[in-house]
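A look at the structure
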Amino acid sequence: MSDRLHTLSGYLYEYQKSIAQPEEFWARIADSFYWRKRWDKVLQWNFEEPDVRWFLNGKLNLTENIFEKNLYTLGERPAIIWEPNEPTEPSRTLTYRQLFEEVCRFSHALQSKGIGKGDRVIIYMPMVPEAAVAMLACARIGAIHSVVFAGFSSTSLADRILDCKAKAIVTADGNYRGNKQVPVKAIVDEALEKTSVETVIVYRRTGQEISMVSGRDCWWHDLIQGKPSAHKAEEMDSEDMLFILYTSGSTGKPKGVVHTTGGYMVYTKYSFENVFQYTPGDVYWCTADIGWVTGHSYMVYGPLLAGATTLLFEGIPTYPHAGRFWEIIDKHKVNIFYTAPTAIRALQAFGTGPIEGHDLSSLKVLGSVGEPINEEAWHWYHTHIGKGKCPIVDTWWQTETGGILISPLAGITPTKPAYATLPLPGIQLCIVDAKGKELTGNSVEGNLCITFPWPSMIRTTYGDHERCRQTYFSTYKNKYFTGDGVKRDHDGYYRILGRVDDVINVSGHRMGTAEVENAINEHPKVIESAVVGYPHEIKGQGIYAFVICDQSTPNESSLVQEIKETVASIIGPIAKPDKIQLVPGLPKTRSGKIMRRILRKIAEGSLDAMGDTSTLLDPEVVGKIIDGRK
Ligand code: WTA
């Protein structure tokens, strides 16, 4: 635990060291891991191409740093506590030893299906411990996992299967979500009508009726039958791919963000221990889904590398009642709780009644992630959940950053509501204006960039390196551009203001406006559409779609419903527009570009100050849209 920071002055000192001598700094942190062969060189990089490599020629297996390194001391400690959707169903606990044995069996299972180093495996699963087992088994045999959120549609799943040329899918028969039962395997079958994989491994969760294709599909429990509970891990290079995770951007289809082994391992453990001030024995609960990056870095990898007990919850915050989270904290004596502002706001709406009767005194640290947390939600969380005594870590990061980059260290960094506060050691931030000029000093606002590599940063976008360069490294020379707006206040504290590109953040889920538009346009009656985000009380941002339909539209409300369903079936229910307004035209410049600034104002309801509309091809259309909204 020598890498744990304990005081503010200690943090400031380490931060300075990490900037002055980054290689020495990260080498020291990395030295506490088990490497089969130590690296030759700590870092090699340029942001032009980009080409970033950490711990060059280091050989390791990440899972040996979870298991072999710790089994003697941690073997009997709970690794995963699983809480099912139904409170009446018993929870499950897997100790480090049991988890290790499961991972070993499943590693053999994958290999018995001919899956090995470098093969891509899609994991499309409910929130059950086996989802983590599948990820870790891939890491153990050197296969590259790509977890797809089980709420995505068959089309989204098929896109990802095709993009990464997956060899196998690990899935389940079904998924319990609140009072719903999602037919997971049926969705996989549908996706496989458009694509093909050699192997589908099905974990039995709900027991619902499913079809199994012989030669392709097999049951998880049959496959692990008789497999040994020990397994020799594959030797990986530090820069071998660990996983691909698809995420939305401003343009085109979701891209496969690639993370590699050594740097990701070092950074997720280091940041986990420091941000949450994890102490051995703590029970830690992150409510994210395994399909998002938070579910990778801070539900599975970071906590398990640190030897923590990580809680996995299958269900949703409001089922069977709005006190479900608080009931679970009480039941498992959770010490560290990490959730999203959207969940806090949703639960806040039920008042403090559902908290009553649940003992939350085990809590020491609260975390927030995924979107800006508004001050009201921050205070509610602090007062009613943390009882005024738990520091809140507002953690800013991205799928591409692999780990938390800006955050208080719990109990160490003085917090300010809605501020992510200060960068972690090793993270060199810079704020630029639209032209790329660096804004120095405090009390400035602009676009957030990072000027120096960190170990868990994105290496490429799978199969399309140019897209990675274009998206993140071409806007500002020699800088990684985050896509977020930020303010640095008079104290030098950072406050994230939200996306400055065409990405909207709905309940902490990233959505590209173009992606939603493309889905809307699939409806046969739709001619064109434009999607913007607008402030939404619970979700942070809601999706507002302006849609031009062909003239033969007898029933508007059923058409709106149909369009929503179209989006749900193409992307997934999370992308359903909250509001759809049928419009006669869209505000476009003479060159045909949609003026989203104007649409955003209309969606927000600020209908007066439209700014300059003189450059529009048809300025009158704005008035018509405003009238339509009223
Ligand atoms: C937003 C989630 C404000 C931000 C880990 C970022 C945040 C995007 C915060 C990445 C925060 C994440 N405060 N905004 N604490 N954390 N964001 O890839 O806009 O799903 O660019 O990663 O979420 O979303 P992603």
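Described in the following lines is the structure provided in the data block. The structure displayed is predicted, hence computed values, not measured ones.

Relative orientation of the contacting elements helix 17 (residues 596-604) and helix 18 (residues 620-629) amounts to 20°, with a least axis distance of 10 Å. With respect to helix 18, the element helix 17 is oriented roughly parallel. Handedness of the crossing formed by helix 17 with helix 18: right-handed. Together, Ile-598, Leu-599, Ile-602, Ala-603 and Glu-604 of helix 17 and Val-622, Ile-625, Ile-626 and Arg-629 of helix 18 make up the contact between the two elements. Grouping the amino acids of the contact of helix 17 with helix 18 by side-chain chemistry returns seven nonpolar, no polar and two charged.

Next up on the list: the nonpolar core. Counting residues in hydrophobic clusters, the biggest one holds 125 residues, and the most contacted among them are Trp-26, Leu-99, Phe-106, Trp-220, Phe-276 and Tyr-301. The greatest single-element share of this core, amounting to ten residues, is contributed by helix 5 (residues 129-141). Residues Ala-166, Val-516, Val-526 and Leu-559 belong to the second largest nonpolar core, which totals 45 residues.

The next thing to look at is the packing of helix 4 (residues 96-112) against helix 5. Running from N to C, helix 4 and helix 5 cross one another at 65°; their axes reach a closest spacing of 8 Å. Helix-helix and strand crossings are classified by hand; for helix 4 and helix 5 the assignment is right-handed. Between helix 4 and helix 5, the contacting residues are Leu-99, Phe-100, Glu-102, Val-103, Cys-104, Phe-106, Ser-107, Leu-110 and Gln-111 on the first element and Val-133, Ala-134, Leu-136, Ala-137, Cys-138, Arg-140 and Ile-141 on the second. Class assignment of the residues belonging to the contact of helix 4 with helix 5 gives a composition of twelve nonpolar, two polar and two charged.

Turning to the environment of Ile-570, a few remarks are in order. Topologically, Ile-570 is positioned in helix 16 (residues 556-570). Among the residues examined, Ile-570 registers a relative accessible area of 22% and is labelled partly exposed. For the pair Ile-570 and Ile-520, spaced 50 residues apart in sequence, the C-alpha separation works out to 8.9 Å. In this structure, Ile-570 is in contact with Ser-153, Thr-155, Ser-156, Ala-519 and Glu-522, ignoring residues within four places of it in sequence.

Next up on the list: the pairing of strand 15 (residues 255-260). By the criterion of burial, strand 15 is predominantly enclosed, with six of the six residues buried. Residues Lys-255, Val-257 and His-259 line one face of strand 15 and the alternating positions Gly-256, Val-258 and Thr-260 line the opposite face, and both faces are buried. Relative to strand 15, strand 14 (residues 241-247) runs antiparallel, the two sharing six bridges. Note that in strand 15 the partner of Ile-244 across the bridge is Val-258. Where strand 15 meets strand 23 (residues 460-461), two bridges bridge the pair, whose relative direction is antiparallel. Note on strand 23: the bridge partner recorded for Val-257 is Thr-461.

According to the stated counting rule, one finds 42 salt bridges in the structure shown. The closest approach of N and O atoms between Lys-17 and Glu-14, which form a salt bridge, is 3.3 Å. With Lys-17 and Glu-14 both in helix 1 (residues 8-20) and three residues apart, this pair spans about one turn of that helix.

Moving on, we get to the site of the ligand. Neighbouring the ligand are 17 residues, the closest being Asp-394, Thr-395, Thr-399, Asp-484 and Arg-510. At 2.7 Å, a backbone N or O of Thr-395 approaches a nitrogen atom of the ligand. Within the side chain of Asn-505, a nitrogen or oxygen atom sits 3.3 Å from an oxygen atom of the ligand. Burial of the ligand by the surrounding chains reaches 96%, relative to a free accessible area of 530 Å². Mapped onto the shell around the ligand, the elements with two or more residues apiece are helix 10 (293-305), strand 20 (392-395) and strand 25 (494-499). Class assignment of the residues belonging to the shell around the ligand gives a composition of six nonpolar, six polar and five charged.

Now for the packing of aromatic side chains. Scanning all chains against the criterion turns up 44 aromatic pairs. Centre to centre, the rings of Trp-45 and Phe-452 are 5.1 Å apart; their planes meet at 65°, and the pair counts as edge-to-face. Within this pair, whereas Trp-45 is found in strand 1 (residues 41-46), its partner Phe-452 is found in the loop between strand 22 (444-450) and strand 23, the two being separated by 407 residues in sequence. A relative accessible area of 34% places Trp-45 in the partly exposed class. Note on Phe-452: relative accessible area 14%, which makes it buried. On the numbers, 5.1 Å between centres and 55° between planes, the contact of Trp-285 with Phe-337 is tilted. Taken together, the residues Trp-285 in strand 16 (residues 283-286) and Phe-337 in strand 18 (residues 336-339) connect sequence positions 52 residues apart. Neither residue differs from the other here; Trp-285 and Phe-337 are each classed as buried. A network of ring pairs unites the aromatic residues Phe-25, Trp-26, Trp-35, Trp-39, Trp-54, Phe-55, Tyr-267 and Tyr-270 as a single cluster. Positioned above the aromatic ring of Phe-152, the side-chain terminus of Arg-160 is 4.5 Å from the ring centre. The ring of Phe-33 has Lys-269 lying over it, and the distance from NZ or CZ to the ring centre is 5.2 Å.

What follows concerns the sheet that holds strand 18. Strand order across the open sheet formed by seven strands is 5-4-17-16-18-19-20, with mixed pairing between neighbours. The sheet is open, and its two edges are formed by strand 5 (92-95) and strand 20, each paired on a single side. Going from strand to strand, the sheet's axes swing by 20° on average, the running direction of each strand aside. Of the strand pairs in this sheet, strand 16 and strand 17 (residues 309-313) are connected by three bridges, and their pairing is parallel. Opposite Trp-285, over in strand 17, you have Leu-311 as the bridge partner.

About the criteria used
Residues numbered from 1 in each chain as written. Predicted model: local features only at pLDDT ≥ 70, side-chain atom pairs only at ≥ 80, totals over all residues. Heavy atoms only, no water. Axes fitted to C-alpha atoms, helices over the stretch in contact; angles between N-to-C directions. Helix = DSSP H or I, 4+ residues; strand = E, 2+ residues; numbered from the N terminus. Parallel < 35°, antiparallel > 145°, perpendicular 65-115°, else oblique. Left-handed = near helix turned anticlockwise from the far one by under 90°. Contact = heavy atoms within 4.5 Å. Nonpolar A, V, L, I, M, F, W, Y, C, P; charged D, E, K, R; others polar. Core = buried A, V, L, I, M, F, W, Y, C linked by side-chain atoms within 4.5 Å. Buried < 20%, exposed > 50% of the residue type's maximum accessible area, 1.4 Å probe, protein only. Pairing = 2+ DSSP bridges. Salt bridge = Lys/Arg side-chain N within 4 Å of Asp/Glu carboxyl O. Near = heavy atom within 4 Å. Polar contact = N/O pair within 3.5 Å; in protein donor to acceptor, adjacent residues only side chain to side chain. Areas by Shrake-Rupley, 256 points an atom, 1.4 Å probe, with all protein chains shown as cover. Phe/Tyr/Trp six-rings, centres within 6.5 Å; stacked < 30°, edge-to-face > 60°. Lys NZ or Arg CZ within 6 Å of the ring centre and 35° of its normal.

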